[in-house]
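Here's the letter readout for the chains.
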Amino acid sequence: MKSKTFCIAPWVHALVKPDTTLSPCCTSTLQSNISFEKYEDWWNSNSMKQLRQDLWNGVKSESCNKCWKDEAVGKASIRQNYNTMLSKFANFADVKQSSKNNFAVDSLPTTWDLQIGNLCNLKCVMCNPRLSHQIANEQQKHADTIRSTFPLMLESRNTDFSTTQKFLNWSDTAIAEVFFNKINVDLKWLKLQGGEPLSVKNITDLISKLSADSILSLTTNGTILTQSMLKEFGNIERLEISISLESAGPQNDVIRYGSDWNVIHQNIQQLKKLPNVDLQINHVLQITSVFYLPELIEFCEKNNLHLNVINLTYPEYLSLSACPPKYLRDMNNKVDALPIQHVKNQYIKDMIKNLVAVTKFDEKKWEHFKKYILTLDSIREKKYSSVLKFEEL
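Residues numbered from 1 in each chain as written. Predicted model: local features only at pLDDT ≥ 70, side-chain atom pairs only at ≥ 80, totals over all residues. Heavy atoms only, no water.

### Quick look at the packing of helix α15 (residues 289-302) against helix α16 (residues 325-337)
Argument step 1. The geometry of α15 relative to α16 is characterised by a closest axis approach of 9 Å and an angle of 10° between their N-to-C directions. Classed by the angle they form, the pair α15 and α16 counts as roughly parallel. Residues Ser289, Val290, Phe291, Leu293, Pro294 and Ile297 of α15 lie in contact with α16, whose contacting residues are Tyr327, Leu328, Met331, Lys334 and Val335. (Axes fitted to C-alpha atoms, helices over the stretch in contact; angles between N-to-C directions. Helix = DSSP H or I, 4+ residues; strand = E, 2+ residues; numbered from the N terminus. Parallel < 35°, antiparallel > 145°, perpendicular 65-115°, else oblique. Contact = heavy atoms within 4.5 Å.)

### Notes on the environment of Leu198
Argument step 1. With respect to the helices, strands and loops of the structure, Leu198 is situated in the loop between β5 (189-193) and α11 (203-208).
Argument step 2. Classification of Leu198 by relative accessible area gives buried; the value is 5%.
Argument step 3. Residues contacting Leu198, with those up to four places away along its chain left out, are Ile203, Leu218, Thr220, Ile224, Met229 and Phe233. (Buried < 20%, exposed > 50% of the residue type's maximum accessible area, 1.4 Å probe, protein only.)

### Examining the pattern of salt bridges
Argument step 1. Enumeration over the complete set of coordinates arrives at 16 salt bridges.
Argument step 2. The salt bridge partner of Lys209 is Asp205, with a shortest N-O separation of 3.5 Å.
Argument step 3. Residue classification places Lys209 among the partly exposed positions, given a relative accessible area of 39%.
Argument step 4. Of the residues examined, Asp205 reaches a relative accessible area of 42% and is grouped as partly exposed.
Argument step 5. Put simply, Lys365 and Glu316 hold a salt bridge, and the shortest N to O gap is 4.0 Å. Of this pair, Lys365 sits in helix α18 (residues 363-379) while Glu316 sits in the loop between β10 (306-311) and α16, and the two are 49 residues apart along the sequence.
Argument step 6. A residue is classified by how much of its surface remains accessible, and Lys365, at 17% relative accessible area, is buried. (Salt bridge = Lys/Arg side-chain N within 4 Å of Asp/Glu carboxyl O.)

### Some points on the packing of helix α4 (residues 65-72) against helix α5 (residues 78-85)
Argument step 1. Two elements in contact, α4 and α5, have axes whose closest approach is 8 Å; the angle formed by their N-to-C orientations is 95°. Judged on the interaxial angle alone, α5 and α4 are roughly perpendicular. On the side of α4, the interface is formed by Cys67, Trp68 and Glu71, while α5 contributes Ile78, Arg79 and Gln80.
Argument step 2. Classifying every residue of the contact of α4 with α5 by side-chain character gives three nonpolar, one polar and two charged. (Nonpolar A, V, L, I, M, F, W, Y, C, P; charged D, E, K, R; others polar.)

Quick look at the structure:
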């Protein structure tokens, strides 16, 4: 395609969010109040046709700003990745025909990203109730303490606890079973996210129903891996697994609260043995990264793993702009000195250098961060402050 903004996703792909609504992809901000079982109505809605028209005609849709920002700092965007990964599932004659048909698409999605609820076994410090029922329960239990010490925690994405509870496991419903059976007929690529998808009761059964030539992409915290899961993984032609880590060590157990580094490390080694698995590590670039990113890079290099670094922008008090500049410079210097050999990791040095160069320290965010530490430490047994090395604290 000639358009420099073209993205194949709106022609072949759909995402179901934890609240059961539909979206073009995991980074899009295009809002929809249509539930997953009505995806045929949503697929050629006015907003989706407008998105396709913009991307076809070289217009940078505001709903795709995450991709434009990633590309501006030299990081491969979801748009670029999807153009590589998902184009094989597209009929470009249909794509071209849609441009002559008001950008309506006759064929339904063949690739899906399912965020199958907020059931999760962890309480990551950068997460929120919409993505973890554990955090929803914690914030509900300690709402008075949080409100009196650091109410910004209760503003994190969603604090309607009655609402977050109903997202626990939308995939384990009769409506969802009908939906799965329907999309499975033409399914080529399926991504499962949570919450923690491997904690969902029917997940192994869902995976077992995939056709042998389907590609399964799974984002997990790496804490859950059973023998039955390993057996089903082996029956799939190709498996893409992303394990989310903030540290290659026990500090991860505090930042991704409730995890066990020893278990995760063992599970990584088991997954590496599967011949059909493409394994990578995800890292959320946040304030603790200034202490643990260099070591995580070394771990990935030692284990020949691709490290996907995702820059956190919310909550702002955990972003790089909340961090005193000298720690950002130290991280940049350490990363720059590393002998990175993995071809997919060589972007990291430029990404960190560019982000550090443009990040402006915000004293207010730093003060909010310190209040967050105190509040979180007052309600959790393992202390967030124990993994921090700021001289100013």
